[in-house]
Amino acid sequence: MNIMTPDQEACAALYRSLCGASVRKDEAGIAAVLADDYELVHMTGMRQSKSAYIAAVMDGTLNYYGADHDSVEVDVAPDGLSTRIRGRSRVSAAVFGGGRHTWRLQQDLVAEKRDDTWLLVESRASTY
C-alpha cells in the first residue's frame, strides 16, 4: 500500500472533487477546484476553458451520472509547486448529444499550488 504525502492526498482529492461536482452539476464545486486559466483537452482534441467546461456541464452538453475510480496517481514536482495527476475511472456519461455509456476515462491533469491552494490547470482526456 502506497502512503501519500499531504500534497499528494490534496491533489488526489482535487480529481475526486472535480468528478463528484461534475456528476452533481455543482457549479461552485467545479469552479472551486479549477484555476481561472484551466483548459480541458477532450479525447477528440477539442479544447475547453474553465467557463466553457462549467457551462457545458450545467446546460447538459456534458452529462455525468457517476464515476467509479480505479486509480489516482499523483507525482509532486521537486519544488512542491506542481503535480501531475493520472486518474482512471469508469465514468457513466452522455456527452455532446450521444447516448449514455460507461467510459474507461483517463484524465492526465496538472495542478499548481497558487497562494497555498492546489488548483487544476490542465486536463487531457483519453481512454484506458
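Quick note: structure is the one above.
Each chain has its residues counted from 1, running along the sequence as written. pLDDT decides what is reported in this predicted model: residues at 70 or higher carry local features, side-chain atom pairs at 80 or more are listed and counted, and totals for whole chains, interfaces and linings draw on all residues regardless. As a rule here, side-chain values cover all heavy atoms of the structure and leave hydrogens and water aside.

What follows deals with the side chain of glutamine 106. Only DSSP runs of H or I reaching four residues or more are called helices, and only runs of E reaching two or more are called strands; each is numbered from the N terminus. You can see glutamine 106 is positioned in strand S5 (residues 101-114). The term polar contact refers here to a pair of N or O atoms within 3.5 Å; inside protein, the definition further demands a hydrogen-donor-capable atom paired with an acceptor-capable atom, and it admits residues adjacent in sequence only when both atoms are side-chain atoms. Polar side-chain contacts of glutamine 106 include one of 2.6 Å to the side chain of arginine 88.

Okay, the layout of surface pockets next. Using protein atoms alone on a 1 Å grid, points that fit a 1.4 Å probe yet trap it form a cavity, whereas open point sets bounded by protein on both sides within 12 Å along at least five of seven lines form a pocket; residues with an atom within 4 Å of a point count as lining. Grid points are joined across faces, edges and corners, and a volume is the space filled by probe spheres set on the points. Estimates place the volume of the largest pocket at around 430 Å³. Lining the largest pocket we find 24 residues, and of these His42, Tyr64, Leu105, Gln107 and Ala125 sit closest to its centre. For the lining of the largest pocket, the secondary-structure elements that each account for two or more residues are helix H1 (6-24), strand S1 (34-41), strand S3 (62-76), strand S4 (82-95), S5 and strand S6 (117-127). In this classification, the charged set is Asp, Glu, Lys and Arg, the nonpolar set is Ala, Val, Leu, Ile, Met, Phe, Trp, Tyr, Cys and Pro, and all remaining amino acids, among them Gly, are polar. Split into classes, the residues belonging to the lining of the largest pocket amount to 19 nonpolar, 5 polar and no charged.

In the sheet, S4 pairs with S5 via 12 bridges, with the strands oriented antiparallel. Each residue of the ladder has a partner; that of glycine 87, found in S5, is glutamine 107. Here the rule is simple: two strands pair whenever DSSP picks up at least two bridges between them. Sheet topology note: the S5/S6 ladder contains 10 bridges and is antiparallel. When the sheet's bridge partners are listed, leucine 109 is paired in S6 with serine 123. Where S5 folds back onto S6 in an antiparallel hairpin, the turn is made up of 2 residues, including aspartate 115, whose phi is positive at roughly 50°.

With that out of the way, let us pick up the sheet that holds S1. Read from one edge of the open sheet, 6 strands run S2-S1-S6-S5-S4-S3, paired in mixed fashion. Each edge of the open sheet is held by one strand with a lone partner, namely strand S2 (47-49) and S3. Each adjacent strand pair in this sheet contributes to an overall mean axis angle of 20°, direction not counted. Pairing analysis gives 3 bridges linking S1 to S2, with the strands arranged antiparallel. Looking at S2, one finds that valine 41 is bridged to arginine 47. The contact criterion used is simple: two residues touch if any of their non-hydrogen atoms lie within 4.5 Å. For helices, the axis comes from a line fit to the C-alpha atoms of the stretch in contact; other axes are also lines fit to C-alpha atoms, and the angle between any two N-to-C directions lies between 0 and 180 degrees. Packing against the sheet, H1 makes contact with S1, S3, S4, S5 and S6, and its axis sits at approximately 170° to S3. Lying over the sheet, helix H3 (residues 50-58) contacts S1, S2 and S3, oriented at roughly 95° with respect to S2.

Let's shift gears to the pattern of salt bridges. Just to be clear on terms, a salt bridge is a Lys or Arg side-chain nitrogen sitting within 4 Å of an Asp or Glu carboxyl oxygen. Under the counting rule described, the total for this entry stands at 10 salt bridges. For aspartate 7, the salt bridge identified is with lysine 113, shortest N-O distance 3.3 Å. Of this pair, aspartate 7 sits in helix H1 while lysine 113 sits in strand S5, and the two are 106 residues apart along the sequence. The cut-offs for exposure are 20% and 50% of the maximum accessible area for each residue type, with area from a 1.4 Å probe on protein chains only; residues under the lower value are buried, those over the upper are exposed, and the others partly exposed. For aspartate 7, a relative accessible area of 24% gives the class partly exposed. Note on lysine 113: relative accessible area 24%, which makes it partly exposed.

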